[in-house]
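Structural features, examined
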Amino acid sequence: MRIDRLDAALIRLLTESPQLPILECARRLGIARGTATSRLARLHEGGVIEAIVPRVDPAGFGYGMVAFCLVEIDQKVGHDEVAAALADAVPEIVDMHTVTGASDMQLRLVARDATQLQEVLDRVAVVPGVARTASSIAMRTHLSGRVLPLVEHVATDDAG
């Protein structure tokens, strides 16, 4: 789906202030409420916007340690089955991807401290279908969930 500069501006507003009413979005963008409403509906229907929710930082409630875990799975067990089992068993997993390369999946985990991180990694390791894991701790996060520059980069001048 093509997006234009007005779409990008609406996305930026709602990313920065997810609770902003549509009428206030329209006012700030200098457009009619109906225009803002129809643009937002089109962005949802087109799959550009999945949801409008507050962005939660686990560090804000004590989960400041971030780690990455590479997971090799038993090839007799499917990725979807292992992914579902991991999601059920380990709430500290905040991102999960099937990947190419030496491992089969990559997880981003959060924990309160190193002791809890070890407990989380132990729970990952015993999930049925997990054959082996390797982990690393993030020392600093420079970017996370960064999409606005991409949205603005692909936005065109035409209404799409």
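Residues numbered from 1 in each chain as written. Predicted model: local features only at pLDDT ≥ 70, side-chain atom pairs only at ≥ 80, totals over all residues. Heavy atoms only, no water.

The next subject is the overall build of the protein chain. Tallying secondary structure elements over the protein chain gives six helices and four strands in all. Its helices and strands in sequence order give the protein chain the pattern α-α-α-β-α-β-β-α-β-α, from N to C terminus. Whereas a compact globule of 160 residues would reach a radius of gyration of roughly 15 Å, the protein chain reaches 20 Å, over 25% beyond that. Summarising its shape, the C-alpha atoms of the protein chain cover approximately 55 × 35 × 25 Å along the three principal directions. Going through the 160 residues of the protein chain one by one, you find that 31% of them count as buried. Sequence-distant contacts in the protein chain: of pairs separated by 6 or more residues, those separated by 24 or more amount to 68%. Accessible surface computed for the protein chain: about 10,100 Å², of which carbon and sulfur atoms make up 53%. Looking at charge distribution, the protein chain has the averaged site of its 16 positive side-chain charges lying 8 Å from that of its 21 negative ones. (Helix = DSSP H or I, 4+ residues; strand = E, 2+ residues; numbered from the N terminus. Rg over C-alpha atoms; globule rule 2.2 N^0.38 Å. Buried < 20%, exposed > 50% of the residue type's maximum accessible area, 1.4 Å probe, protein only. Contact = heavy atoms within 4.5 Å. Areas by Shrake-Rupley, 256 points an atom, 1.4 Å probe, with all protein chains shown as cover. Lys, Arg positive; Asp, Glu negative; His and termini not counted. Charge placed at Lys NZ, Arg CZ, Asp CG, Glu CD.)

Time to look at the UniProt feature "domain: HTH asnC-type" (unreviewed entry) in the protein chain. The positions UniProt marks with the feature "domain: HTH asnC-type" (unreviewed entry) are residues 3-64. Here residues 3-64 is 53% helix and 0% strand, with 35 Å between the C-alpha atoms at its ends. (UniProt positions renumbered as here; feature names shortened; annotations may be inferred.)

A few words now on the packing of helix α1 (residues 5-16) against helix α2 (residues 22-29). Two elements in contact, α1 and α2, have axes separated by 11 Å at closest approach and are oriented at 130°. The angle between α1 and α2 places the two elements in the oblique class. In this structure, α1 meets α2 at a crossing whose hand is right-handed. Note on element contacts: α2 touches α1 through Cys 25, Arg 28 and Leu 29, opposite Leu 6, Ala 9, Leu 10, Leu 13 and Leu 14. Broken down by class, the residue content of the contact of α1 with α2 amounts to seven nonpolar, no polar and one charged. (Axes fitted to C-alpha atoms, helices over the stretch in contact; angles between N-to-C directions. Parallel < 35°, antiparallel > 145°, perpendicular 65-115°, else oblique. Left-handed = near helix turned anticlockwise from the far one by under 90°. Nonpolar A, V, L, I, M, F, W, Y, C, P; charged D, E, K, R; others polar.)

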